[in-house]
Amino acid sequence: MRVRTVTWEQASARRTERQFLGAPAPAGTPVAEVAGAMLGAHAQVLSAAELSVGLRTEGITRADVRAALWEDRTLVKTFGPRGTVHLLPTADLPFWTAALTAIPGGASPFAPDVRLTDEQAEQVVAAIGAALDGTTLTLDELGEEVVARTGPWAGDRVMPAFQDLWPRWRQVMHRAGQSGALCFGPDRGRRATYTRPPHFDPLPSADEGLATLVHHYLRAYGPASPRHFAKWAAAPGAWSDRLFASLASSGGIEEVDFEGEPAWVAAGDTDFPEDPARVLRGVRLLPYFDAYGIAAQPRERLFPGAAYERALARGQAGNHPLLLVDGVVAGVWHQRRQGRRTTVTVEPLGRLGARRERELGERVERVGEVLQARAELAIGKVVVGPHA
């Protein structure tokens, strides 16, 4: 059977459409649906997640994202891919839980006398789930419950973190989140709280969960190689190779030629935009740790030339909000808020021209709407580059 050939522009245009970056989701689209299309919104900084979702949906503000999270509970803030905090659709938690707990972890970064044994880790995760069932606790309150349910060893302050020592049990907080034992609750003043997400019984098997996760990943970010998936999921490369080989043999995914290299899409998902340049045309703003900037591969095509140095941190995406011009990174931006007013300063890698600056002004206005502020555009220092 002939293998479909896919260009970077075609792949980028399809990802742009499916990420609601080409055209935002219509007003009234559920917030959870948009977050699901992204495979979760990175939420270590909640305002960044609010922007990620808000910029992809007509008419909503951060208040709508917060309502979905804390009132409707259609979103959950928890530890997702790579062990980082994400907003995930509540309805998708069964496959996320089954898949994330099946991805092999790397070696512990801690000294042998600091680590938890496998048995201790299981005890702590079980204790976290039991302590949070039907209630909401601060970190200190949760720690007291975990120690009471396991033993003093769980509370030993031996875990190096941010020029401090944390109790031993905190090594597996992310694992508790990924296994469905823990999620974030509303802040109590300035303190974070934790609770337990809904119970789902029965959960999919590990194989079913992984197959569903790969399918969603390829629909959002395909074509992709097993190593692209491994990087996104923080999984071992050889393990990811075997996973994709198994899914290919069962007919769940199919191979394409992506810029001269073998890559994969979900089975039958081989339609791409006929006019990718039209889809990609224009300027867009992505906040810190936006899912698109992190997951879209190959990274050197999304961050061409000077963008690779300016908009990445030692090759890692997420540390800089991104300016996209015609589908590729062409600068960075930052904002400074004072009361109800925020100034968005954009630092392009090349001169934008009057038309693009007008369009950028509209994008900045939308940033302000999402954040419920009045936003003003400022153009920072221009580094002359490929978009001059």
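All of the points below concern the structure found in this document.

Rules used in this analysis
Residues numbered from 1 in each chain as written. Predicted model: local features only at pLDDT ≥ 70, side-chain atom pairs only at ≥ 80, totals over all residues. Heavy atoms only, no water. Helix = DSSP H or I, 4+ residues; strand = E, 2+ residues; numbered from the N terminus. Rg over C-alpha atoms; globule rule 2.2 N^0.38 Å. Buried < 20%, exposed > 50% of the residue type's maximum accessible area, 1.4 Å probe, protein only. Contact = heavy atoms within 4.5 Å. Areas by Shrake-Rupley, 256 points an atom, 1.4 Å probe, with all protein chains shown as cover. Lys, Arg positive; Asp, Glu negative; His and termini not counted. Charge placed at Lys NZ, Arg CZ, Asp CG, Glu CD. Pairing = 2+ DSSP bridges. Phe/Tyr/Trp six-rings, centres within 6.5 Å; stacked < 30°, edge-to-face > 60°.

Within the protein, the secondary structure is distributed over 16 helices and 16 strands. For 388 residues, the compact-globule estimate of 2.2 N^0.38 gives 21 Å, and the protein sits close to it at 22 Å. Based on the C-alpha atoms only, the size of the protein along its principal axes is roughly 65 × 60 × 40 Å. For the protein, the proportion of its 388 residues judged to be buried stands at 52%. For the protein, restricting intrachain contacts to residue pairs at least 6 apart in sequence, the fraction spanning at least 24 positions comes to 64%. As displayed, the protein offers around 18,000 Å² of accessible surface, 49% of which is attributable to carbon and sulfur atoms. Taking the average place of the 44 positive charges on the side chains of the protein and the average place of its 45 negative ones, the gap between the two points comes to 6 Å.

Next up on the list: the pairing of strand 12 (residues 283-286). Here strand 12 shows no split at all, with V283 and L285 on one side and R284 and L286 on the other all buried. Looking at chain direction, strand 12 and strand 13 (residues 322-325) are connected through four bridges and run antiparallel. Paired with L285 across the strands is L323, a residue of strand 13.

Right, let's talk about the packing of aromatic side chains for a bit. Inspection of the entire model under this criterion finds 10 aromatic pairs. An angle of 40° between the planes, with centres 5.7 Å apart, marks the rings of F79 and F184 as tilted. On the criterion of sequence distance, the pair formed by F79 in strand 3 (residues 75-79) and F184 in strand 8 (residues 183-188) is long-range, its members being 105 residues apart. Residue classification places F184 among the buried residues on the basis of a relative accessible area of 10%. Seen from their ring centres, W96 and W232 are 6.3 Å apart, and the 45° between their planes marks the pair as tilted. Placement of W96 in helix 5 (residues 93-100) and of W232 in helix 10 (residues 226-233) is noted, with a sequence separation of 136 residues between them.

Interpretation note: all reported values are geometric properties and have no functional meaning in isolation.
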